[in-house]
Amino acid sequence: DVGGTSTDIGMFAGGRLLASHTLAWGGLTLAEAIAKQLPVTHEQATAMSLEGSSSARPEARRCLEHALRELGDVVHKMLGDGPRPDEAFLVGRGTLIDGIAEWIEQATRMKTSVSRSARLHGMADLSRQMGLGAAVGLIELAMPSASTASHRSARLLDRLLTQTKTLLTEYF
């Protein structure tokens, strides 16, 4: 989950959590680092951070490269000699940073994709969809599977999702 101020990494194999780690890095901290390097507003720095590796500003690219190196070091330590996950799934607003999925795929040699819940596709704002993805995914995992869920459980899930969207949207 590449969030605003932190990135949470979970390594799963065979349905089990093997390792987890939280980095004090995210999309907002990247924008703040860019704003410290360049004489730009926070909004301009945020736009530059989303340009990612294709940013025209070398200072912005260096800030991203520094953060990605740290992320890569942590992921490689977590992988170690143990079982290797088949795929990396990215969620959170930070996944909107151009080139981040490709960088992770290259660094880990694992298929990497940006994950979005089908329940959020109706939201017009892509950044909100991405930001709510982790919370919605956890709620979906906590509920019984669709094949065993009763009508009441489906209604409960929809109410939980609606309330979660409403509450979290206020903070985005």
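These figures come from a predicted structure and were not determined experimentally.

**Student:** Please provide a residue-by-residue account of the packing of helix H1 (residues 27-37) against helix H3 (residues 58-79), values included.
**Tutor:** Look at H1 against H3: their axes get within 9 Å of each other, and the N-to-C directions meet at 140°. In terms of their interaxial angle, H1 and H3 are classed as oblique. The handedness of the crossing between H1 and H3 is right-handed. Residues Leu 30, Ala 33, Ile 34 and Gln 37 of H1 pack against Glu 59, Ala 60, Cys 63 and Leu 64 of H3. For the contact of H1 with H3, the per-class residue count stands at 6 nonpolar, 1 polar and 1 charged.

**Student:** Can you explain unusual backbone geometry? Please cite residues and give values.
**Tutor:** For residues besides glycine, phi is generally negative; the peptide bonds are generally trans as well. Backbone geometry places Arg 109, a non-glycine residue, at a positive phi of 55°. For Arg 109, the location among the structural elements is in the loop between helix H4 (100-108) and strand E4 (111-114).

**Student:** Give me the lowdown on helix H2 (residues 42-51), citing residues and values where you can.
**Tutor:** Of the residues making up H2, those classed as buried are Ala 45, Met 48 and Ser 49. Relative to the axis of H2, the buried residues are bounded by an arc of 100° and lie together on one face. Structurally, H2 contributes buried residues whose contacts are with H1 and H3. Positioned one or two residues after H2, Gly 52 has a phi angle of 55°, which is positive.

**Student:** Describe a negative patch on the surface, naming the residues involved and giving the relevant values.
**Tutor:** On the surface, Glu 51, Asp 98, Glu 102 and Glu 105 cluster together into a patch of negative charge. With respect to the helices, strands and loops of the structure, Glu 105 is situated in helix H4.

**Student:** An account of the nonpolar core is needed here, citing residue identities and associated values.
**Tutor:** Residues Ile 9, Trp 25, Leu 30, Ile 34, Leu 71 and Ile 100 are the most contacted members of the largest nonpolar core, which totals 29 residues. Among the elements of the structure, strand E1 (7-13), H1, H2, H3, strand E3 (87-90) and H4 are those that each provide at least two residues to this core. When residues in this core are grouped by element, the largest group, 10 residues, is from H3.

Cut-offs used in this document
- Residues numbered from 1 in each chain as written.
- Predicted model: local features only at pLDDT ≥ 70, side-chain atom pairs only at ≥ 80, totals over all residues.
- Heavy atoms only, no water.
- Axes fitted to C-alpha atoms, helices over the stretch in contact; angles between N-to-C directions.
- Helix = DSSP H or I, 4+ residues; strand = E, 2+ residues; numbered from the N terminus.
- Parallel < 35°, antiparallel > 145°, perpendicular 65-115°, else oblique.
- Left-handed = near helix turned anticlockwise from the far one by under 90°.
- Contact = heavy atoms within 4.5 Å.
- Nonpolar A, V, L, I, M, F, W, Y, C, P; charged D, E, K, R; others polar.
- Buried < 20%, exposed > 50% of the residue type's maximum accessible area, 1.4 Å probe, protein only.
- Arc of directions from axis to C-beta.
- Patch = residues over 30% accessible without salt bridge, like charges linked within 9 Å, V, L, I, M, F, W, Y side chains within 5 Å.
- Areas by Shrake-Rupley, 256 points an atom, 1.4 Å probe, with all protein chains shown as cover.
- Salt bridge = Lys/Arg side-chain N within 4 Å of Asp/Glu carboxyl O.
- Lys, Arg positive; Asp, Glu negative; His and termini not counted.
- Charge placed at Lys NZ, Arg CZ, Asp CG, Glu CD.
- Core = buried A, V, L, I, M, F, W, Y, C linked by side-chain atoms within 4.5 Å.

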